Amino acid sequence: MKKQPHVIVIGGGIGGLWSVLRIAEAGFNVSVFSLFEVKRSHSVCAQGGINAVLDTKGERDSIHQHVVDTIKGGSYLANQPPVLSMCEEAPGLIRTFERMGVTFSRTPEGLMDVRLFGGVKNKRACFAGSSTGQQLMYGVDEQVRRYESMDKVKKFEWWEFLSLLLDEEGNCKGITAMDLRSMEVRAFQADAVVIATGGMGKVFGHRTTNSSNSTGAAAYRCHLQGAQYANTEFFQFHPTAMLGDDKTRLMSEAARGEGGRIWVPRDPHDKRDPRSIPEDDRFYFLEDWYPAYGNTVARDVASRAIWRVVHEEGLGVAGENKVYLDLTHLDRKFVTARLGSILDIYCKFNGNDPLDYPMEIFPSAHYAMGGLWIDYEKDEQTGGIKHGSPRNHATSIPGLYACGECDYGYHGANRLGANSLLSASFSGRVAGESVVSYLKGLNQIGGDAPQAHYQDEVERQVAINDSLMRCSNGDTPYQLHHELGELMTAKVGVVRDNAGLEEAETGLVDLAERAGQMCMDDQSGWSNQSLTYARQVQDMIGLARVITRSARMRDECRGAHHKPEFDLQIPKDKYPGDPEFEAYRKQWKANNSKWLKTTLAEHGPDGPRITYEEVDTSVVPPEEPRDYR
Amino acid sequence: MTDSILIRIRRQKHPDSPSYWQDFAIPYKAGHNLVSALMAIRDNPVTADGKRVDPPAWEYNCMEEVCGACSMVINGRPRQACSTLIDELLKELGSETPITLEPLKKFPLVRDLMVDRSRIFDELKKVKAWIEIDGAWDVHERAPRISPSEWNESYLFSRCMSCGCCMEACPQFGPKQAFVGPAVLAQVRLKNIHPTGRYDKADRLHAIMSDGGLSDCGNAQNCVRVCPKEIPLTSAIGELGREVTGQLFKDILG
């Protein structure tokens, strides 16, 4: 009898669980590895919505418009065939989620409701109250649990992925993983592996809206073994995040949309209660700098302006990295009705009521557009991807697939709001289907690989643990992580310059050295969180080097990657047809011919090696610059 | 305002080893919650009497009260550590009383404040807390109509994050008791009213009509008092009671 193929999926958020589901539905056995119970994955944090063109609001919304918004929003950097397929299939995905029992919010007629999001003109974000990610995740989680109850899916929760098992031809044939309780390291063979381990916001320390496990370490471990990264310099910073020592929590864009004003005291040493600072002593810098849009400028513009007022003008409140987001001038009833649930979050975690006291906010690392490089096969007939091709979502290691935030596939230089839940779901589904095609095309299934070779890999991983556990001098992993976060936020953040990026590279080399020798206060061989943290910190420092090198090399402004030295400004009050605008368009195109390319990063002994790859712009050619005026 | 906060943690190195208390003093900082306080301890794991120790182990992830990871018993009450603000505790307790942290006691202990809650997910399997679908593909049919008020009710239950607080507080739930617990019952209620989920209503009701099912609820009402998401657990249990009675009649009459 032919041996039944077996797949390992690492990560149990929306992307990972979708791939599990599609592989299990095809009749193959799947094991899911997760650092914690999969139901606690970071996908649950997405609040706002998931884009799909349902066109139920009389706006003549179209799939084409969704494609254009996604591509232009990402400054043309995303390969367009996958974007086209994602937008085309979004409504079908939503209908599938709905059948899973997801509690999408309803219109008075009892049909699915949709709402408006930033960067677009039409209402197309389906939502489930203010916890859309949680609801979508639970929908897929429940389906996976159904397969688990039929013994077709096996969960390895509380296991940490450490490395890939590669055969002599370099095909991925399994993983090594560590039991987070007994700390035992074991090899697990598989015929294909999917990595779906989410974002990497923790590279910015606690200055991120990401969950504590979004370290990027797992994807980096694949990178060390040959998987290429793409576009890691593109990181979305959300302008209005609450401050916090543990993390920075998102304060929705809606707070500005409903009339919130952002300001700082004109005198940074002003010690007065903000409520008693008179108008004349306040600097409403967004309104001053962008009179046309004022407080509702686009996300990236707002982030950069806040950055500038604090770091260049030295006007951060109390000399710190913070500005006020003020709602206290608005009608209490109105604000409560419109923003009640998001203000509750501020109240809950800050203790102050935003109706009484201005909120303190600052931009924070939110979403990685870049990630592991993945392939796709284009369907020349449709212009989208070829369904069922084993190339879709394949990484540069044969047999290793990637989906969700840890791949780079759909967002180019900047992600549109409510597109992250969509790309996570769509990419997970496609990756699962690709794996099925890959398995069907394999000549040899499991079991024949040399066991001894895999045992060597286990021993190598155990040796890494042992050497860390032997250290007792140096910094703790927690201190190093703080330093990494401060360095990355200061030098590789919202606004970048080459001198700063080079300083960051030097700083990272120093951090990497110190991370070789860490003080382990915990010597226990049971549930040792310091050991796993130490390993993740080492990987985060390595990943930070990839991000920083990629950012250093790209001399332009595109989407979330901003270097003022290379900024091409749209001429003020000039529009297409005006000679000044056309001159700008020409410059913009010249810059595109140089920089409209995917950044590829390969691991090398002396650090990351950067090359570039052409972008497929066959659906929406780059003729129109992004322009939100 | 006080300069330093005393946090007393019940610790245990291993499921088989004895537990012990350890006190930590951390500098007061406005805005601290219990996850950020535990992080401060981890940064400098020195006890109040000056001994450097291994940092306490605990579970946390989203820090936004939506993943359910950081449940622990805080001054006798099961809660999410991330959304428990030190300032509020100080108001309740006064600055002289230490803040005590203990692991949930109804689940097997792993280490320090970490427990193994896999039982919750096993119980969800037993009651078939999912909607049977033909497959995860598009069937080109529009979503069923659900009235906004029905949606409202379901949404309350769909926010359950399996944190285990209600189970910890329930006198009928425990390591030696079979009761599935309030959170799991609420999921039965959620799936049973769904337009297609109700096709398998009888199956789910039968699952809670046996040992450890609905009749084990002692109506202490602790669950609803501790639920961080304010899920109306007791009304779900009440409704299920009527459903189960109906099902019993159906079963008898065939």
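The structure presented is a predicted model; accordingly, all values stated were derived computationally and were not measured.

Asker: Could you give an account of the overall build of chain A, with specific residues and numbers?
Answerer: Scanning chain A for helices and strands turns up 15 helices and 20 strands. Taking 2.2 N^0.38 as the reference for a compact globule, 629 residues should give roughly 25 Å; the C-alpha atoms of chain A span a radius of gyration of 24 Å, in line with that estimate. Sorting the 629 residues of chain A into buried and exposed places 64% on the buried side. Summarising the internal contacts of chain A: among those between residues at least 6 apart in sequence, 72% fall at separations of at least 24.

Asker: Explain the layout of surface pockets to me, using residue names and the numbers behind them.
Answerer: Volume-wise, the second largest pocket comes out at about 1,000 Å³. Around the second largest pocket, the lining comprises 37 residues; the ones closest to its centre are Lys348(A), Glu65(B), Arg159(B), Pro228(B) and Lys229(B). Sorting the residues of the lining of the second largest pocket by element identifies helix 9 (332-350) of chain A together with strand 4 (77-80), helix 4 (148-158) and helix 8 (222-226) of chain B as the ones contributing at least two each. Counting residues per element, the lining of the second largest pocket draws most heavily on helix 9 of chain A, which supplies 6 residues.

Asker: Account for the pattern of salt bridges, with residues named and values stated.
Answerer: Scanning the model with the defined rule gives 79 salt bridges over all chains in all. Salt-bridge contacts for Arg22(A) lead to Glu433(A); the nearest nitrogen and oxygen are separated by 2.9 Å. With a gap of 411 residues between them, Arg22(A) in helix 1 (residues 14-25) and Glu433(A) in helix 10 (residues 420-441) connect regions that are remote in the sequence. You can call Arg22(A) buried: its relative accessible area is 16%. Taking the shortest distance from any N to any O, the salt bridge between Glu503(A) and Lys491(A) comes out at 2.7 Å. Placement of the pair is Glu503(A) in helix 13 (residues 498-514) and Lys491(A) in helix 12 (residues 477-491), with a sequence separation of 12 residues. Taking relative accessible area as the criterion, Glu503(A) reaches 43% and is therefore assigned partly exposed. Through salt bridges with shared partners, one network takes in Asp522(A), Arg11(B), Lys13(B), Asp54(B), Arg111(B) and Asp112(B).

Asker: Outline the pairing of strand 12 (residues 235-242) of chain A, supporting the account with residue identities and numerical values.
Answerer: Residues and elements named next belong to chain A. Taking burial as the measure, the 8 residues of strand 12 include 8 buried ones, the bulk of the element. Direction of pairing for strand 12 relative to strand 16 (residues 359-368): antiparallel, over a ladder of 6 bridges. Among the inter-strand pairings, Phe235 is bridged to a residue of strand 16, identified as Ala368.

Asker: Explain the sheet that holds strand 19 (residues 597-602) of chain A residue by residue, including any values.
Answerer: Residue and element names in this part refer to chain A. Pairing is antiparallel across the open sheet formed by 4 strands, whose spatial order is 17-11-19-20. Of all the strands in the sheet, just strand 17 (371-372) and strand 20 (609-614) have a single pairing partner and so form its edges. Examined bridge by bridge, strand 11 (residues 229-230) and strand 19 share 2 bridges and lie antiparallel to one another. When the bridges of strand 19 are listed, Ala230 appears paired with Leu600. On top of the sheet, helix 14 (residues 529-553) reaches strand 11, strand 19 and strand 20; it is set at about 60° to strand 20, its chief contact.

Asker: Can you explain the sheet that holds strand 7 (residues 159-166) of chain A? Please cite residues and give values.
Answerer: All names here are of chain A. Pairing within the open sheet is antiparallel, and its 3 strands lie in the order 7-8-9. Two strands close off the open sheet at either side, each with one partner strand: strand 7 and strand 9 (185-189). If you compare each strand with its neighbour and ignore which way they point, the axes differ by 30° on average. Pairing geometry for strand 7 and strand 8 (residues 172-179), over 6 bridges, is antiparallel. Paired with Glu160 across the strands is Met178, a residue of strand 8.

Asker: Explain the environment of Thr103(A) to me, using residue names and the numbers behind them.
Answerer: Residues and elements named next belong to chain A. Residue position: Thr103 is located in the loop between helix 3 (80-99) and strand 4 (114-115). Exposure remark for Thr103: the relative accessible area of 8% places this residue in the buried category. Separated by 507 residues in sequence, Thr103 and Ile610 have C-alpha atoms that sit 44 Å apart. A polar contact is formed between the side chain of Thr103 and the side chain of Gln135, at a distance of 3.4 Å.

Asker: Can you lay out the environment of Thr548(A) for me, pointing to particular residues and giving the numbers?
Answerer: All names here are of chain A. Inspection of the secondary structure puts Thr548 in helix 14. The class for Thr548 is buried, based on a relative accessible area of 0%. Sequence separation between Thr548 and Thr103 is 445 residues, and the spatial gap between their C-alpha atoms is 41 Å. Excluding residues within four positions of it along the chain, Thr548 makes contact with Met488, Val492, Leu501, Ala504, Glu505 and Leu508.

Asker: With reference to specific residues and values, describe the environment of Phe97(A).
Answerer: Residues and elements named next belong to chain A. Along the polypeptide, Phe97 turns up in helix 3. For Phe97, a relative accessible area of 0% puts it in the buried group. Sequence separation between Phe97 and Tyr138 is 41 residues, and the spatial gap between their C-alpha atoms is 10.0 Å. When sequence neighbours within four positions are dropped, the list of residues in contact with Phe97 reads Trp18, Ile50, Val102, Phe104, Leu136, Val140 and Ser425.

Asker: Any chance you could break down the side chain of Glu64(B) for me, citing the residues and the numbers?
Answerer: By secondary structure assignment, the location of Glu64(B) is in the loop between helix 1 (34-43) and strand 3 (71-74). A distance of 2.8 Å separates the side chain of Glu64(B) from the side chain of Lys247(A), its partner in a polar contact. Setting aside residues up to four positions removed in sequence, Glu64(B) forms contacts with Cys45(A), Gln47(A), Thr209(A), Lys247(A), Arg249(A), Leu250(A), Phe349(A) and Cys82(B).

Asker: Lay out the pairing of strand 1 (residues 6-10) of chain A with the relevant residues and their values.
Answerer: All names here are of chain A. Burial within strand 1 is extensive, with 4 of its 5 residues counted as buried. Both strand 1 and strand 2 (residues 29-34) contribute to a ladder of 5 bridges, which runs parallel. In the sheet register, Ile10 faces strand 2, and the bridge partner there is Phe33. Handedness of the β-α-β unit built from strand 1, helix 1 and strand 2 comes out right-handed. Bridging between strand 1 and strand 10 (residues 192-195) involves 4 bridges; their strand directions are parallel. The residue bridging Val9 from the neighbouring strand is Val194, located in strand 10.

Asker: Account for the packing of aromatic side chains, with residues named and values stated.
Answerer: Summed over the entire model, instances satisfying the criterion amount to 25 aromatic pairs over all chains. When the centroid spacing of 6.3 Å and the interplanar angle of 35° are considered together, the rings of Trp307(A) and Phe362(A) count as tilted. With Trp307(A) in helix 8 (residues 299-311) and Phe362(A) in strand 16, this residue pair connects regions lying 55 residues apart in the sequence. Look at Phe362(A) and you get buried, because its relative accessible area is 6%. Between Phe107(B) and Phe173(B), the ring centres sit 5.5 Å apart and the planes meet at 45°, which makes this aromatic pair tilted. Of this pair, Phe107(B) sits in the loop between strand 5 (99-102) and strand 6 (109-111) while Phe173(B) sits in the loop between helix 5 (165-169) and helix 6 (182-193), and the two are 66 residues apart along the sequence. The same class applies to Phe107(B) and to Phe173(B), which are both buried. In this structure, Arg415(A) is placed above the aromatic ring of Tyr367(A), and the distance from its NZ or CZ to the ring centre is 4.2 Å.

Cut-offs applied
Residues numbered from 1 in each chain as written. Chains lettered and ligands numbered in written order. Predicted model: local features only at pLDDT ≥ 70, side-chain atom pairs only at ≥ 80, totals over all residues. Heavy atoms only, no water. Helix = DSSP H or I, 4+ residues; strand = E, 2+ residues; numbered from the N terminus. Rg over C-alpha atoms; globule rule 2.2 N^0.38 Å. Buried < 20%, exposed > 50% of the residue type's maximum accessible area, 1.4 Å probe, protein only. Contact = heavy atoms within 4.5 Å. 1 Å grid on protein atoms, 1.4 Å probe; cavity = no way out; pocket = protein on both sides within 12 Å on 5 of 7 lines; lining within 4 Å. Points joined across faces, edges and corners; volume = space filled by probe spheres on them. Salt bridge = Lys/Arg side-chain N within 4 Å of Asp/Glu carboxyl O. Pairing = 2+ DSSP bridges. Axes fitted to C-alpha atoms, helices over the stretch in contact; angles between N-to-C directions. Polar contact = N/O pair within 3.5 Å; in protein donor to acceptor, adjacent residues only side chain to side chain. Right-handed = clockwise from strand over helix to strand, strands pointing away. Phe/Tyr/Trp six-rings, centres within 6.5 Å; stacked < 30°, edge-to-face > 60°. Lys NZ or Arg CZ within 6 Å of the ring centre and 35° of its normal.

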